[in-house]
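Chain by chain, the residues run as shown.
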Amino acid sequence: MSFTNNTITFPELIKQKRDGGQFSDADIQVFVQGIKSRTIQDSQIGAMLMAIWLKGMSEEETLQLTREMMKSGEVFVWPDEWLVVDKHSTGGVGDKVSLPLTPALAACGCKVPMISGRGLAHTGGTLDKLESIPGFNVSQSVEQIKQILQDIGCCIVGQTESLVPADRVLYALRDATSTVDSLPLITSSIISKKGAEGLNALLLDVKFGRAALYKDLDSARSLAQSLVTVGNNLGVKTGAVLSRMDAPIGRCVGNAVEVCEALECLKGRGPDDLNELVSTLGGYLLWMSGHSSSLEKGKNDIMQKLINGEGLKKFEDMLVAQGVSADVARSLCADGADYFQHMKQATHQTELKAQHYGTVLEIDGLVLAKVLHRLGAGRNKSGEKIDHSVGAELLVDVGQQVTKGQSWIKIHHNSPELSTQQHSDLQKALLIISCDKYKKESRIAQFIHPNMS
């Protein structure tokens, strides 16, 4: 039996939220402590999550829930002279931005303790991508994280046992109870983990479009504003970028092939839209944290680290610090690297041909991701193994003119051949129109600055 105070039982608290009531700070504190101590049954937590999904939470309730979740475990404390920053994406297709951005920020003098997640459903996970590299260890202790930051300036790791333990419970139950898309629950999950990192500045990349959690700009803006408001109220300077997520980011989708593309970005050869996201998100963080005098100066600083190799050197050092052999790290970061000398390559590569002449109007990232998911690149539930070698390379860009019969995509797969349905689905993902001119939109749609919340 669990009590919120001497008179109200937890079932009564569930009823209170179910009926649209508002929780006190004490109610939320006991709820989170009960989750952490496991004195509340999973069925009761699930019922509470559904009540929150149905009735929502006020701004004050969401802030208190986030604060209590953050305090449920260890909160990092860094030396005063460190500038500690991070970014978080709400997930997408081909989103390998963290891989070049993290070392580029470190090369600018920031400390980046990036705590990332794994892919689920159609979205890719940063940890899964990095585990394509033999030896890379995403499981680092708090002491190891601190040492890597001291020595190198950046790391990309999974959530530690001591960091926001309440979120691990809620995250799993949200998936099981179909409450993943609750605004207060998303906000508290993301900001509690980032708040526990002890950041000076945080940037949220909130995506909208067919391949994003939120399909339209207005709903994505609501999430972004909630994240920015709660982050700033917790004392972390927090901003957000709203970015389009229809076509895949860059030209590669899948774990190993995305690592290859991230390395190309770090060698100054990244595709335009990936470069735009890395430089804009990094530049905004540098400007927001006071490191750069303007957004444009910050963007230029990030691009310079991609061009001059300093970001690449930080990435190589991070690989070694997280378990990759020095020889493998050096080989991957060499100018003419054969990436699949070290990472697993799929047995088969199948190219599909454009069926019409014209200009590429759309490449549906969601359709592509779902096909790759069925081929083994993704997982349906937490803990499932994935095939890191499965992926796709886009051979054309949105806005590019193509001829009938021209190869537009290469699928990396280990099944003997693609099914008729997979062929059909992939061809439907490519939309070609009879048009000679097409203006390609920027990925970045809007900024939400810290002082707007």
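Residues numbered from 1 in each chain as written. Predicted model: local features only at pLDDT ≥ 70, side-chain atom pairs only at ≥ 80, totals over all residues. Heavy atoms only, no water.

Engineer: Would you mind going over helix 16 (residues 365-377) with me for this structure?
Structural biologist: Every α-helical turn comprises 3.6 residues, leaving residues that sit three or four positions apart pointing alike. Over its 13 residues, helix 16 runs only 14 Å from end to end, short of the ideal 18 Å by more than 12%, given 1.5 Å per residue. Residues Gly365, Leu366, Leu368, Ala369, Val371, Leu372, His373, Leu375 and Ala377 constitute the buried set of helix 16. Two or three places before leucine 366, at the start of helix 16, stands the capping residue aspartate 364, its side-chain oxygen 3.0 Å from that residue's backbone nitrogen. (Helix = DSSP H or I, 4+ residues; strand = E, 2+ residues; numbered from the N terminus. Expected span 1.5 Å × (residues − 1). Buried < 20%, exposed > 50% of the residue type's maximum accessible area, 1.4 Å probe, protein only. Polar contact = N/O pair within 3.5 Å; in protein donor to acceptor, adjacent residues only side chain to side chain.)

Engineer: What am I meant to see in the environment of valine 367 here?
Structural biologist: Residue placement: valine 367 occurs in helix 16. The class for valine 367 is partly exposed, based on a relative accessible area of 24%. Sequence-wise, valine 367 and cysteine 154 are 213 residues apart; in three dimensions their C-alpha atoms are separated by 34 Å. In contact with valine 367, not counting residues within four places along its chain, are Asp425 and Ala429. (Contact = heavy atoms within 4.5 Å.)

Engineer: How should I be thinking about the environment of glycine 198 in this particular structure?
Structural biologist: Within the secondary structure, glycine 198 sits in the loop between helix 9 (183-196) and strand 4 (201-208). Overall, the relative accessible area of 22% leaves glycine 198 in the partly exposed class. Each C-alpha atom of the pair glycine 198 and valine 77 lies 5.9 Å from the other, and the pair is 121 residues apart in sequence. Not counting residues within four places of it along the chain, the set of residues in contact with glycine 198 comprises Phe76, Trp78 and Val84.

Engineer: Explain the packing of aromatic side chains to me, please; I cannot follow it from the model alone.
Structural biologist: Evaluated as defined, the whole model comprises five aromatic pairs. Here the aromatic rings of phenylalanine 76 and tryptophan 78 are separated by 5.0 Å at their centres, their planes lie at 55 degrees, and the arrangement is tilted. Residue phenylalanine 76 shares its accessibility class with tryptophan 78, and that shared class is buried. Here the aromatic rings of tyrosine 284 and tryptophan 287 are separated by 5.8 Å at their centres, their planes lie at 35 degrees, and the arrangement is tilted. (Phe/Tyr/Trp six-rings, centres within 6.5 Å; stacked < 30°, edge-to-face > 60°.)

Engineer: Is there a simple way to think about the packing of helix 5 (residues 98-107) against helix 11 (residues 255-266) in this case?
Structural biologist: Axis angle and axis distance: for two packed helices, these are the angle between their axes and the distance between the axes, and together they describe the pair. Where helix 5 meets helix 11, the axes come as close as 8 Å, and the angle between the chain directions of the two elements is 35 degrees. Here helix 5 runs over helix 11; the crossing is right-handed. Residue-level contacts link Leu99, Pro100 and Pro103 of helix 5 to Val259, Ala262, Cys265 and Leu266 of helix 11. Its residues placed into classes, the contact of helix 5 with helix 11 shows seven nonpolar, no polar and no charged. (Axes fitted to C-alpha atoms, helices over the stretch in contact; angles between N-to-C directions. Left-handed = near helix turned anticlockwise from the far one by under 90°. Nonpolar A, V, L, I, M, F, W, Y, C, P; charged D, E, K, R; others polar.)

Engineer: For this particular structure, what's the right way to read the packing of helix 8 (residues 165-176) against helix 9?
Structural biologist: Contact pair helix 8 / helix 9: the axes reach a minimum separation of 11 Å and the direction vectors enclose 145 degrees. In this structure, helix 8 meets helix 9 at a crossing whose hand is left-handed. Residue-level inspection shows Asp167, Tyr171 and Arg174 of helix 8 in contact with helix 9, the latter providing Leu185, Ile186, Ser189, Ser192 and Lys193. When the residues that make up the contact of helix 8 with helix 9 are grouped by side-chain class, the tally is three nonpolar, two polar and three charged.

Engineer: Please clarify how the side chain of aspartate 301 should be interpreted in this entry.
Structural biologist: Within the fold, aspartate 301 resides in helix 13 (residues 295-307). Within polar-contact distance, the side chain of aspartate 301 engages the side chain of serine 292 at 3.0 Å. Non-local contacts of aspartate 301, meaning those with residues more than four positions away in its chain, are made with Cys108, Leu286 and Ser292.

Engineer: Help me out: how do you make sense of the sheet that holds strand 13 (residues 444-448) in this one?
Structural biologist: Within a sheet, neighbouring strands are paired by backbone hydrogen bonds and run either parallel or antiparallel to one another. Strand order in this open sheet of four strands is 1-4-5-13, and the pairing throughout is mixed. Every interior strand has two partners, whereas the edge strands, strand 1 (85-89) and strand 13, have only one. Between one strand axis and the next, the sheet turns through 20 degrees on average, direction left out of account. Of the strands in this sheet, strand 4, strand 5 (237-244) and strand 13 touch helix 10 (residues 217-233), which is tilted by about 165 degrees from strand 5. (Pairing = 2+ DSSP bridges.)

Engineer: Help me understand unusual backbone geometry in this model?
Structural biologist: Glycine aside, a negative phi is what most residues show, and trans is what most peptide bonds show. One non-glycine residue, valine 164, lies in positive phi territory at about 45 degrees. As for its placement among the helices and strands, valine 164 is situated in the loop between strand 3 (154-157) and helix 8. Positive phi outside glycine occurs at serine 178, with the angle close to 55 degrees. Along the polypeptide, serine 178 turns up in the loop between helix 8 and helix 9. Residue serine 178 is classed as exposed on the basis of its relative accessible area of 55%.

Engineer: Whenever I open this one, the pairing of strand 8 (residues 358-363) confuses me. Can you help?
Structural biologist: Each regular strand shows side chains that alternate between the opposite faces of the sheet. Sheet topology places strand 8 next to strand 10 (residues 401-402); two bridges connect them, and they run antiparallel. Across the sheet, residue threonine 359 finds its bridge partner in strand 10, namely glutamine 401.

Engineer: Explain the pattern of salt bridges here, please?
Structural biologist: When the charged atoms of two side chains lie near each other, side chains of opposite charge can form a pair. Scanning the model with the defined rule gives 29 salt bridges in all. Arginine 269 is paired through a salt bridge with glutamate 264; the nearest N and O atoms lie 2.8 Å apart. On the basis of relative accessible area, arginine 269 is assigned to the partly exposed category, the value being 39%. Take glutamate 264: its relative accessible area is 21%, and that puts it in the partly exposed class. By sharing partners, the salt bridges in this structure join Arg210, Asp246, Glu362 and Asp364 into a single network. (Salt bridge = Lys/Arg side-chain N within 4 Å of Asp/Glu carboxyl O.)

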